[in-house]
Amino acid sequence: MDLLNTLVDKGLRRELPSREEALAVLATSDDELLDVVAAAGKVRRQWFGRRVKLNYLVNLKSGLCPEDCSYCSQRLGSKAEILKYTWLKPDEASKAAAAGVAGGAKRVCLVASGRGPTDKDVDRVAKTIDAIKSENEDVEVCACLGLLDEGQAERLRGAGADAYNHNLNTSEATYGDITTTHTYADRVETVKKAHAAGLSACSGLIAGMGESDGDLVDVVYGLRELDPDSVPVNFLIPFEGTPLAKEWNLTPQRCLRILAMVRFVCPDVEVRIAGGREVHLRSMQPLALHIANSIFLGDYLTSEGQAGKADLDMIADAGFEVEGAEQVTLPEHRAGGGCGSTCAPSPETGSEAATEVGPDEARTDLVTVRRRGAGTDLAPNA
């Protein structure tokens, strides 16, 4: 396909594809799917070889969030029967993190529900970071605490945090349909604060919330402008008890096309397959490794993931290798500001209607609430 040859060429040069080209990736047929994966794989291998970075989530505080994000099992008014607990003590969080590191994780992501941290919360997280790094000196720590006030990103950086995650989730045009208690602009501002403080910015999206193809392209171009070092691609986990519980409209093929579009728009960025990969990619997960270079190991915040051993077997069987602590994830040129600040500007964005995609079978059997690990007496999955 001329389209794919063009996209590979642009990806190898770190050149931004046109918006029409990005939309065309999402509109490719299932007959073209392996060609799309192979093309995205060429770009992935150029910048990341066959390495897969492992990340591990520790949910520091679960549930009882005052925000109304429709996709979230921890949201205000959620009836999802998830674990609910207040802040883990630093030693508890360190113990949970150690399980992930022992399983091969290079980065530990410390997440807490809520609108954003108080200064006291930042102090708590600082002690937790210290406890984790005193046991695992080389581990990367990413904090994900919500919207940041002035000076908090700097304090987290000073406490030893390496990165900060705050996802844009969906396009600016549709953000108000998903969340009303804060804005898309609030999220953009927090990513900019993290960047300015010297933290590695991590920001991504959630697919499968009823968005159009245009919305998906809009949010990915928005991410490209912010120039994060890592872009997590989440696939909606439709928890019973949340407003989006009936949104079962992703297929494995659709997920692969979305990942490929992200890779073409963000060629030299750590693209991470995040929440929902087991639910929606299912047996097609190994193909996704040819596009993305990063995954979460084990369980997620409030749901169970694939067994950690199964993740490691999948990586090895697909011919990839786990990225070691001594290996640098990002290409050398990104240390100077990354592609987002040196490549062509984003084209204008709009809101095309979604390509017609038949709804996926509602695999509610694959949505399992987490009952182990942080906040419980049971061993974590790592």
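Source: prediction; values computed, not measured.

Reading guide: rules and limits
Residues numbered from 1 in each chain as written. Predicted model: local features only at pLDDT ≥ 70, side-chain atom pairs only at ≥ 80, totals over all residues. Heavy atoms only, no water. Helix = DSSP H or I, 4+ residues; strand = E, 2+ residues; numbered from the N terminus. Phe/Tyr/Trp six-rings, centres within 6.5 Å; stacked < 30°, edge-to-face > 60°. Buried < 20%, exposed > 50% of the residue type's maximum accessible area, 1.4 Å probe, protein only. Lys NZ or Arg CZ within 6 Å of the ring centre and 35° of its normal. Pairing = 2+ DSSP bridges. Right-handed = clockwise from strand over helix to strand, strands pointing away. Expected span 1.5 Å × (residues − 1). Polar contact = N/O pair within 3.5 Å; in protein donor to acceptor, adjacent residues only side chain to side chain.

1. Brief notes about the environment of Ile 315
Looking at the element boundaries, Ile 315 is found in helix α13 (residues 308-317). Remark: the alpha-carbon pair of Ile 315 and Leu 289, spanning 26 residues in sequence, is separated by 7.7 Å.

2. Comments concerning the packing of aromatic side chains
Evaluated as defined, the whole model comprises 2 aromatic pairs. For the ring pair Tyr 175 and Tyr 184, a centre distance of 6.2 Å and an interplane angle of 70° mean the geometry is edge-to-face. By relative accessible area, which is 2% here, Tyr 175 ends up buried. Consider the rings of Phe 296 and Tyr 300, whose centres lie 6.4 Å apart with planes at 80°: the pair is edge-to-face. Accessibility expressed as a relative area gives 7% for Tyr 300, which makes it buried. Here Arg 50 stacks its cationic end above the ring of Phe 320, 4.5 Å away from the centre of that ring.

3. Concerning the pairing of strand β2 (residues 107-112)
Burial analysis of β2 places 6 of its 6 residues in the buried class, which makes it a mostly covered element. Of the two faces of β2, the one carrying Arg 107, Cys 109 and Val 111 and the one carrying Val 108, Leu 110 and Ala 112 are both buried. Two strands pair when backbone bridges link them, and strand β1 (residues 51-61) and β2 are joined in this way by 6 bridges, in the parallel orientation. From the neighbouring strand, Asn 59 faces β2, where its bridge partner is Val 111. Handedness of the β1-helix α4 (residues 90-102)-β2 crossover: right-handed.

4. Concerning the pairing of β1
β1 sits mainly inside the fold: 11 of its 11 residues count as buried. Across 2 bridges, β1 lies against strand β10 (residues 321-322) in parallel orientation. Bridge pairing in β10 links Arg 51 to Glu 321.

5. A closer look at helix α9 (residues 213-226)
Taking 1.5 Å of rise per residue, the 14 residues of α9 would be expected to cover 20 Å, and the 20 Å separating its terminal C-alpha atoms lies within 8% of that figure. In terms of residue burial, α9 counts as a mostly covered element, since 13 of its 14 residues are buried. Backbone nitrogen of Gly 214 and a side-chain oxygen of the N-cap are separated by 3.3 Å at the start of α9; the cap is Ser 212. Following α9 by one or two positions, Asp 227 has its phi on the positive side, about 60°.

The values reported here are purely geometric and, on their own, carry no functional implication.
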